[in-house]
Structures are given as structure tokens and as C-alpha cells.
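If you want the building blocks of each chain, they are given just below.
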Amino acid sequence: MSSLLNLPAAELVTRLAAGDVTSAALTEECLAAISQRDSSVRAFLNVDVERSLAQARSIDARRAAGESIGILQGLPIAVKDLICEEGVSCTCASRMLENYISPYSAHVIERLRAAGAVLVGRANMDEFAMGSSGENSAFQVTANPWDLERTPGGSSSGSAAAVAGRLTPMSLGSDTGGSIRQPASLCGVVGLKPTYGRVSRYGLVAFASSLDQIGPFASDVHGAALLLEAMAGHDPRDSTSVDRPVPSYTNSLNEPLKGLRIGVAREHFAEGLDDEVAEVVRRALDVYRSLGAELIDIELPHSKYAVAVYYLIAPSEASSNLARYEGIHYGHRTEKAGSLADLYARSRGEAFGTEVKRRIMLGVYALSSGYYDQYYVKALKVRRLIRNDFDAAFAKVDVIAGPVTPSTAFKLGERTSDPMAMYLSDIYTIPANLAGIPGISIPAGLSPSGLPVGLQLQAAPFAEETLLRAARMFEAATDHHRLIPPMARS
Amino acid sequence: MSYDVIIGLEVHVQLQTVSKIFCGCSTAFNPDQPNVQTCPVCLGLPGALPVLNAEAFRLAVKTALALNCQIAGFTKWDRKQYFYPDLPKGYQISQYDLPFSHDGHVDVVTEADGGAVRRVRILRAHLEEDAGKNMHDESGRGRDSLVDLNRAGTPLVEIVTHPDLRSAEEARLFLQDLRLLLTDIGVSDCNMQEGSLRCDANVNLHVHQPDGSKVATPIVEVKNINSFRFTEQAILHEVERQWELYQKTKQTIKDAPKSTRGFDPARGVTYAMREKEEAADYRYFPDPDLVPVTVTDEQIATLRGELGELPAARRARYRDQYQLSAYDAGVIIDQGREYSRYFEVVAEGCGDGKQAANWLTQDVQRELNERGLTIATFPVPADVLADLLKRVTNKQLTIKAAREVFGALLEGEETATTARIEAIVAERGLAIVQDDGAIDAAIADVIARNPKPVADFKAGKQQAAGALIGQVMRAVKGADPQQVRERLIAKLSE
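Residues numbered from 1 in each chain as written. Chains lettered and ligands numbered in written order. Predicted model: local features only at pLDDT ≥ 70, side-chain atom pairs only at ≥ 80, totals over all residues. Heavy atoms only, no water.

**Some words on the domain arrangement of chain B**
Residue and element names in this part refer to chain B. According to the domain assignment, chain B consists of domain 1 (7–202 + 220–230 + 260–298), domain 2 (309–428) and domain 3 (436–492). Here the C-alpha centroids of domain 1 and domain 2 sit 37 Å apart. Contact residues are listed per partner, giving eight residues for domain 1 and eleven residues for domain 2. If you look at where domain 1 meets domain 2, you find two salt bridges. When the shortest N-O distance is used, the salt bridge between D184 and R314 registers 2.7 Å. (Domains from an automatic or database assignment. Contact = heavy atoms within 4.5 Å. Salt bridge = Lys/Arg side-chain N within 4 Å of Asp/Glu carboxyl O.)

Next comes the structure, spelled out in C-alpha cells:
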């Protein structure tokens, strides 16, 4: 029997809407796949079988009664474990919140439920979204379905692996410096980081507030467009959410862009990029050329500062955002405290992992009196220059194409003792977060060693429609998105 | 040797919004039910985000305008970071380098009859969120401390003055003026028992040297004083303490950093608070969850227009327009804007501001106190009281009769009306008899029947008239005693 889970999202939605497949049947198939394969992928921290089946049956009942279901039509979705859902645990893959249950739902959760999603479970991640391999999870290490000894990338490790391993058709992740696009690339799925302000952050546990965005994972561009459409839009509870109409991304998706101008930045092909990744990306550019797109050389001269700027701004914000986890109001509290200061120090010391502590220390240092101007303020200035680079580029081109991450999936354990090497995984993805622009990773083929390589497209603020159409042009002309990891083939 | 006392104040004022500054929770004072006025935002739960309450910002700008401050066209929010159990996010959302207002002043009248005025410059006023409240076990049995977050997120304006105050009394007068100003424009109830107004005082001395120069003593900040009287006491004690210390140690501002002290009202003394090992570093940085606020000149003009007449201007007007003493004007204006409006209706309606002021400051005030009412719920409307007092100015009623009517109006179940005044006057025969003939006849009769007192009066014994007036008054019910006295004396002096 050919699994429903091997079908692209668009087809699943059509079948669900037509009543050819019930949400309950599809959800059961997801649950079965999870019980068969997740012991080796370890994408999920928590799967609520009864609850997701109840949601699916309720959707089926409503459909049977002639009620209209939202655009997701009963599709099962995995949620990164840092997006709050009422009554559901939200651990952020941290000991700190191991027993924390959110009393309220994030804006995106309300939107997805209203759009007819079935929320099957909570996806693993790097603790508080800090990491590029998933190995900073306090609970388990997720494997890449293409090679179980390798990383799925991070921080949205479980969300990417769940889709790549055909455990759920779609998932939600969050992207602060590449945490959707990098794992999407390493797992051979589509992952999109929207424009900052396009999707409400209300209910997304903050890592770095000025950089965080929630975004979709799917096996194809249509799925990503569908999920974005379901959750994008203004939310008065998030002051940084932008009040701007949301186009129907799926409607225009299959219209090719005539005279598409693609920017190619020299900086994206400089030292540090693996040859086998460079080769796949160059072939992808050739595909676009063959589709009639014009390739234009552009410059992003300040992108070389992006990693440095990011590792000042993100830890600074994180050091502040994570101050609330102190053992008093909720979360882990030490059993050994004497004084109040001791209670804080021990509770945090016991419950935060090494990488989280490292970034808190970096941030506290960068914001300290005497260093603030030198580090934080200077980083903000360079951040502006990086944005200016993109503004100048998008005056000439519609999208920028390039690599997502310098290498294919590396081996688990390979970089855990070398934070700098780990940080450089995000060298091509960080600038979009700093500039607030949208970016997408789409499957561009396999490396000679059989591992997925992603192509990154970036567009101007709020140009998700262009971004998705450009991505779909490539996808329609290639078969890379149909590649399924051997372990998930049925 | 002598010295000058140098005082600067930092005052925290809670704004009277319905909901908190960054969420929709109620700001009501509710210490008996801890943590019920909370939500994910003010509890600082993971994922929750603040959204600015526009009303809080509006009231803050009105506050600053009343303090003659400049309003910034662009202002932003910063996080002040420190750990404390009453601060659920690990930071307070406040304003650091770009406060919404700066550079204002308040003129404090420092002598009762408006003689001397001290201009107190305002350095800045900024908007921030209040913290919750920690409650420590005071039984000595080492029970848990408790945290109540009902107050967390209440909007606060912090007002920082220059060190322009020169005595403890001036500091108290400044705070009283500030409370009057802010309650009058309706931005805060300034209820000190409920913590709506709290004060820190920075105090030091400038000691005069033999060569004419001055030497400053180290600055001491006395924190969290919650009454005007305590502020005055704390400063007085601090001045005394610093002066003694200076004489002993000759320590100056260069020898010691600023220190922090608390005030113990029971003993009337300040005491050293535990110093942190190193200066606190709050690591201020712009809050990325909030967007900056821009304010246009039009918005400022609108809010300025809403301020209306401020107490100082009203005090001057009452003096000029109604010939009130500074004291009487002060008593009325201190009761707030509604009370002042009531006064003005009565004063205009009866045509005698002084009489209206007497009634307001005595009769009305007494009844309000006894009945536990406010002027808004007082059963005698201003136009009705005006009608009553007009009858006194028109010599239709004596003051005594007017008091009787006033009392009768208050006994009624319903709101008093002028028709009711009419009825009471008629029922009780309180109207002044204007019939000169009847009065003169009674006077002639009384003179005729009382030769002894008449002779006494004529011999120069003025008091003798009293008994005669009383008899005339009994004979002509409702006669005006003033009129009777005048006519009787005229007759006796013939």
C-alpha cells in the first residue's frame, strides 16, 4: 500500500476536502508512522494520540454535517515545542520547563485550529531554539531521516525531521538565525521564514524577539504556502505584528514569474562553502536560467559581519528574555537554595544547558555598563547596513538565490565541542533575520554522498508571494521535492 | 558654621487607568484577593507579549503637561533588568534615555498667604510598569514569602525633580501641591495608603565654610516613603544626622558614594539599608517587543486643551473674582475639581462668593464628612444651595433660618429642590417679615412695657438692647434680627 504520507500536501488537502480521505484516517496514518519510525528519528517530544484523533474526528463530523472546514481541511501538523498551546506542555526542550503546561494558546495555534489543523504532537528542538543541530535538546537528539547518524539541523530539528521522515505532512518551526531554513535544507524539505511581523509572535516563547519568526515546513512549496496562508496576518496582541493584507499564496502559486530577475551574491560563494553544496546550487541557478530568468550579480558587502552582529544581538535579547526563568513563578526550582540569590543561581544553573548558559553570558556581557555602546549599539548600526544592502539589491532583483548552509548534514557529535563551527552553519541564513526579510529553503537535489542540499531564495519584505512563486517555478521544473528518505519509503 | 539643605525628589504616581499598562487586567486595588487580576502578560509567562495601553500614555502626557514639561516627539521603551520575586519577567519595562517628557517645573507656594514661591524644576517624567508586591513572613517562624502580582503592570509615572527644595517643609508642600495637581486633572487618585503615590528623597547639605565657600556632604537617598508627614520627618532626621556626621567626620561628597537609607516611622529615624556589593547594573536596552511612540504637536495641543484650569490659576481667580482669602480658596480647591465647580455654581447663583465659601468650607464640608459622601453624591445640588443662599443675600431668610432649611433638606429622602426650599420656608414660617409697620408697632409696645431696660440702654448700657430685641422677635415671628436691632436702636436713640 502506498502511504498517504508520501503524497504532497496539495493533493492531501484536495482529497480531504472531497471526502475521499478522512482526517481521522490520515491522522491515524501519521500516528502509525510515528509509532513505527519515530523511535529512530526521535522527532517528537510528546504525541497525544487521543487528543489528535478527537480533533480529527470532530473535523470529519463537521465536514459530514456540511460545515465548512478551514483551508487545512484536517491536515495533521507537528508543532515545535516552543509554541504555546492551552493545556499542552511547552518544554522548549529545556529542563527548566520540563513540567510547564501553557494556560493559553499562541495566535498561530488559534489560527491553525480555526483553519482545520489537527495538532498531533510537539516537535523536538535545540533548547530555547539555541543551536544548529538539535543536539542542545535536554531530552533527546533527533536524527536526520536521510542518515540516522547525521543531524537534521536545528534548532527546529524535530519539525524538519517529522516532515522529511513522512511522519506528518507539515510542521511549524521558528527561525531566529536560520532555524527553519537550515534544517529544511539538511532534511530535503521546504522551510520558510516569513517577513518579520508577518506572523504573530504571541505565544512563541521568545529567544531573540527582534529576530524570531514562526514559519512552516512542508514537503513541497504548496504545503508551505498553505500553512503560511493559514497563520499569517495581523494580531493586536503582538506590537511588532504588521497590519497588512495577506494574499492567497496558494492561488497564485502556479503562475510562473515572467522576466524573473534573480540576484546572485558573490559573498554566497566565498570561502567556507563546501564544493558539493556549491555544485548543487549552481545547477539550480542553471535551471532558473533555462526557465527564462535573468541572473544578475549583486553585492551584499556587509553580510560578512552578519554572524558577529547576530551573536551580539541574539544573545543580548536572549539574556533578557530568559531572565523570567528563575525558579520563583514557574519552571524548575532548586531544592537546595539558601538565600534568594542562591535560589536564582542554583535554579538556573541546574536547569539550563551549556549553550543556553553560554548565550546568556554573552548577552549579559554585551549589555553591561561600559560595553553596551561598543557591542550592542554598534551591532544595531551594522544591522542597519545589512538591511541597506538588501534594499539596494531588491531595487535590482526580485529574489536572491544562493546556498542555505555551507555543508550537507554533518554527523551528530561532530561539532558539539566547537561552537564557532556550529555558529557558521547559519552564515547564509542570519542576514535575512537581521534584515527582517523572508527566506525559503527548497530541495535542490542530493549531494554525491546522497544527502539533501537546499536552495535558499530571499525576497524583499512582505514579498512572500513572489518568493513562493519563484520557488514553485523551480519545484515544478524539477523532481527533488519528490525524493523521500529510504527509511520513510513504503 | 551653617548649612543649606539640598533636596531632590523622585515621585512614583500610579495612573488611574481601568486596565494595566501592557495588558487588559484590572488595576483595582485588591489586596484581599492576591493574583486574581493577572494574565499571561503581567504574569510574564513564556510567549506573552506587551501591548501599550494608549490611555496610560495619554494620562502620562497630561501629567507631564501639568508639570510644564516638554513632550518628546519620539519616545521608546527600555528594559531595566534585575532579579526580584515581585518582578515576574526579570525586567521592568521603563524608559531610560528617551523619556516621553523632560524639563518642566512646579511653583510651590511656601508661605500661607501666597508670599514666597519656590520653583522646583522637573528633570524628567517617564512612564513605566509597577512591580507586584512581596509579602514576607513576619511571624518570625520562617514561613514562605508570598508574591501578589495584582499590582504588577499598573502604569506609573516617575517624576524626578532637580535638587531645588531647601527644607523638609518645602518637600512636603511640593508633594501636597503635586497631589492636588494630579488629582485635579484626574490622572491619579494619589492615594498614599494604597501606594498610588510613593516618594524617594535625595538629601545632602551644603556646609558654609569660613572662607565663604560651600562643601557638599555625601548624598543619601531615603527610599519608599509613603506619606507626606513621613517625608518631612525623614528629611528632618536626615538633615540632623548628616550635620552631626559632618561635624564628626568632615566627610564630603568626594569621600563617599551615594548611599541608600530607609525610614522607620515608628522611631522617626532613617536607617542604613544593606548596600549591594557593587553598583547595580540594570543593563538597560530597548524592549524589542514594543514599538517606539511618536507624538505630534496636534496630539499635545489636544491634551493640553483637556487639562483645563489648573489649581494655581483657580486659586488666583477665586481671590480676584470672589474675594476669597488664600486659605478659603485653598480649602475649596483642595477638595478637587467637582467641588470647585459646585462652589462656583453656588457663588454665582447667590451672588456672594464669600458666603458661598463659608457654607462650603463649614456646613457642606461637615455634612459630607458626617455622612461619608462626596460632593458628587451630596443630596443638595449646587443650584439648590445657591437658591437657598440667595434668599439670605436678598434678606428673605436669616442665616439661622437658612441653616434650618439646609438641615431639613438633608433629612429628606430625595434630592433637594428649590420647590422643597419653598415648602419648608412656608411650613415653618421662616421667611423674614418685611412689614416695617408691624415691627415698629412691636418695638413701640416693647419700649412701653420695659421702662427699666430702656432706661439702662439710654444710660449707655448697650447690652440692655438684647432683651428688648428678643421680645420684638417673639412678637413678630420671622423678623430679621438685624433689621429689628437697627430699628430698635434708632427708636431708642431718638
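**Looking at the side chain of S239(A)**
Counting through the fold element by element, S239(A) comes out in the loop between α7 (221–231) and α8 (249–252). Side-chain polar atoms of S239(A) contact the backbone oxygen of P50(B), separated by 3.1 Å. Look past the residues within four positions of S239(A) in its chain and what remains in contact with it is P50(B), V51(B), D289(B), L290(B) and V291(B). (Helix = DSSP H or I, 4+ residues; strand = E, 2+ residues; numbered from the N terminus. Polar contact = N/O pair within 3.5 Å; in protein donor to acceptor, adjacent residues only side chain to side chain.)

**Points about the packing of aromatic side chains**
Within this structure, the stated rule accounts for 30 aromatic pairs over all chains. When the ring of Y372(A) is compared with that of Y376(A), the centres are 5.5 Å apart and the planes differ by 25°; the resulting orientation is stacked. Given the relative accessible area of 3%, Y376(A) is considered buried. Ring centres of Y82(B) and Y282(B) lie 5.8 Å apart, and the angle between their planes is 70°; on these two criteria the pair is classed as edge-to-face. Of this pair, Y82(B) sits in the loop between β4 (78–81) and β5 (91–94) while Y282(B) sits in the loop between β15 (269–272) and β16 (285–286), and the two are 200 residues apart along the sequence. Given a relative accessible area of 27%, Y82(B) falls into the partly exposed group. Among the residues examined, Y282(B) registers a relative accessible area of 27% and is labelled partly exposed. Residue placement shows R415(A) over the ring face of F410(A); its charged tip is 4.0 Å from the ring centre. The lysine or arginine in question, K80(B), covers the ring of Y282(B), its NZ or CZ lying 4.4 Å from the ring centre. (Phe/Tyr/Trp six-rings, centres within 6.5 Å; stacked < 30°, edge-to-face > 60°. Buried < 20%, exposed > 50% of the residue type's maximum accessible area, 1.4 Å probe, protein only. Lys NZ or Arg CZ within 6 Å of the ring centre and 35° of its normal.)

**Brief notes about the pattern of salt bridges**
Residue and element names in this part refer to chain B. Within this structure, the stated rule accounts for 64 salt bridges over all chains. Where D97 meets K76, a salt bridge forms, and the shortest distance between an N and an O atom there is 2.8 Å. With D97 in the loop between β5 and β6 (101–109) and K76 in the loop between β3 (74–75) and β4, this residue pair connects regions lying 21 residues apart in the sequence. Note on D97: relative accessible area 48%, which makes it partly exposed. For K76, a relative accessible area of 12% corresponds to the buried category. A salt bridge links D320 to R319, with the nearest nitrogen and oxygen atoms 3.7 Å apart. Among the residues examined, D320 registers a relative accessible area of 53% and is labelled exposed. One network of salt bridges, with partners in common, ties together D184, E309, R314, R317, R337 and E344.

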